[in-house]
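Spelled out from the first residue to the last, the chains are:
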Amino acid sequence: MKLRLVKSLGSAFVGTALLFSGLVGMGTSLVLLASSCIGYLPYSDRPGPGWWGRVHAPSWAEFVQYIGFAPLFAYFCLYFGLGIFGFSLVLSISSAPRWLSRLLGGMVCAVAAGLAVLGAGWYFALAVIGLDAAILLGLIYGALLFPSFVRPLPQPLPWWARIGATTVATLLLLYWMASPLLPKAPVPAVRYEVMRVASGDQAVNVSPSLGPEISRDLAALNLRGQLRGGASGYLNATGRAVPEIDVALIALEAIATERRLPIPAKGHVIYVLKDGEWTAHPSISKKDKRTLTIMPGADAKYDGGQLKTSRESEWTAFTWYPVIPRH
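The structure displayed is predicted, hence computed values, not measured ones.

Membership of the largest hydrophobic core comes to 36 residues, with the highest contact counts inside it found for Phe20, Val24, Phe73 and Phe87. Among the elements that take part in this core, helix α4 (residues 98-121) stands out by supplying ten residues, more than any other. Apart from residues lying up to four places away in sequence, Val24 is in contact with Cys77, Ala113, Val117, Ala134, Leu137 and Gly138. Val190, Leu249, Ile255 and Ile263 belong to the second-largest nonpolar core, a separate cluster that totals 22 residues.

In structure tokens, the structure reads:
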């Protein structure tokens, strides 16, 4: 029983994910080769796709060049092919009739093939003919071959379960495939600086790059001493332009423990290290998904620290400038 199930799943995987990827990848490459042979350049950044050539028989080098695109197309198709494999299992469990498997398979596979080749073609300025060929190949596969790998259960589920499973699976698969193209919420840039205050009587201020709000709130804290530089960084924004977030970390003493510090969702914050604790001014009511983590430095001679953002895996080590010798 288990062996039969494994063989059935393996057959379905080969017939859906692998066959879909291979057919669309190789078929699209052959269409590009054929278009080149009739004088149409199917990809180019400069001068761009167009009728730049003449009718000719393909040379071996040209054949290898265009067939060489097939693995790239197939690789991108395989990503969606995994979803198509799962979709075939849901249709099998819901005992979808063959006409419905053809209809949904053609629609889903055409969209998947188009998105896959569109993504791969971005790397080498693929012409629209490549996208059109992929969509047509996906439609042919989904309508003619895909239903062969949908194997209904001997004892069908209740009608409401079949309809519900098919509807939900179709909508989820389409959403999953189209989700990279949907607009995302903008992510603001983050500018941060880490500084150390040594003994002194001067009013502490920071770089103007952090914005006037930081300077205003810092003046209200009435911190005094000699400011020593440490580290600074910048997290890039994504999406439409939104005001950046400014973060100042000011240590009144040596960094002794590791702390993960939240970043505000907007505006600014000043973190002050005193008595072993980092205190936020003003307090953070809504947090960004990103964080800053700071820990003691590893330099045995000079005081400092190590810093990384939640997007980084490596620590950035720093010492204060001018340097502060360890006691």
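That shown, we press on.
Now for helix α1 (residues 2-37). Compared with an ideal rise of 1.5 Å per residue, which puts 36 residues at 52 Å, α1 spans 51 Å between its outermost C-alpha atoms and is within 8% of the ideal. Of all bends in α1, the biggest is about 35 degrees, found at Leu19. Backbone geometry just downstream of α1 places Gly39 in the positive-phi region, at approximately 105 degrees.

Take the side chain of Thr170 next. Position of Thr170 relative to the elements: it lies in helix α6 (residues 159-178). Look at Thr170 and you get buried, because its relative accessible area is 8%. Within the local environment of Thr170, its side chain forms a polar contact with the backbone oxygen of Thr166, the two atoms lying 2.8 Å apart. Among residues more than four places away in sequence, those in contact with Thr170 are Phe87, Leu104 and Met107.

One can find Pro47 in the loop between α1 and α2 (60-67). Once the C-alpha coordinates of Pro47 and Gly233 are considered, the two residues, 186 residues apart in sequence, prove to be 40 Å apart.

Our next topic: the sheet that holds strand β4 (residues 259-264). Read from one edge to the other, the open sheet built from four strands follows the order β4-β7-β8-β9, with strand pairing classed as antiparallel. Only two strands of the sheet have a single partner each, and these edge strands are β4 and β9 (316-319). In this sheet, neighbouring strand axes are inclined to one another by 30 degrees on average, regardless of whether the strands run parallel or antiparallel. The pairing of β4 with strand β7 (residues 287-296) spans five bridges and is classified as antiparallel. Residue Pro262 lies in a different strand from β7, and its bridge partner there is Thr291.

Looking now at the sheet that holds strand β5 (residues 268-274). Paired through backbone hydrogen bonds, the strands of a sheet run either parallel or antiparallel to each other. On the basis of which strands lie adjacent, the open sheet formed by five strands has the order β2-β1-β3-β5-β6 and mixed pairing. Edge positions in the sheet fall to β2 (224-235) and β6 (277-281), since each has one partner strand and no second. Recorded for the sheet is a direction-independent mean angle of 20 degrees between the axes of neighbouring strands. Sheet topology note: the strand β3 (residues 245-251)/β5 ladder contains six bridges and is parallel. Pairing of Ala248 across the sheet is with Ile270, part of β5.

Conventions we followed
Residues numbered from 1 in each chain as written. Predicted model: local features only at pLDDT ≥ 70, side-chain atom pairs only at ≥ 80, totals over all residues. Heavy atoms only, no water. Core = buried A, V, L, I, M, F, W, Y, C linked by side-chain atoms within 4.5 Å. Buried < 20%, exposed > 50% of the residue type's maximum accessible area, 1.4 Å probe, protein only. Helix = DSSP H or I, 4+ residues; strand = E, 2+ residues; numbered from the N terminus. Contact = heavy atoms within 4.5 Å. Expected span 1.5 Å × (residues − 1). Bend = angle between axes of the 7 residues up to and from the residue. Polar contact = N/O pair within 3.5 Å; in protein donor to acceptor, adjacent residues only side chain to side chain. Pairing = 2+ DSSP bridges. Axes fitted to C-alpha atoms, helices over the stretch in contact; angles between N-to-C directions.

Any link to function would need more than the numbers given here.
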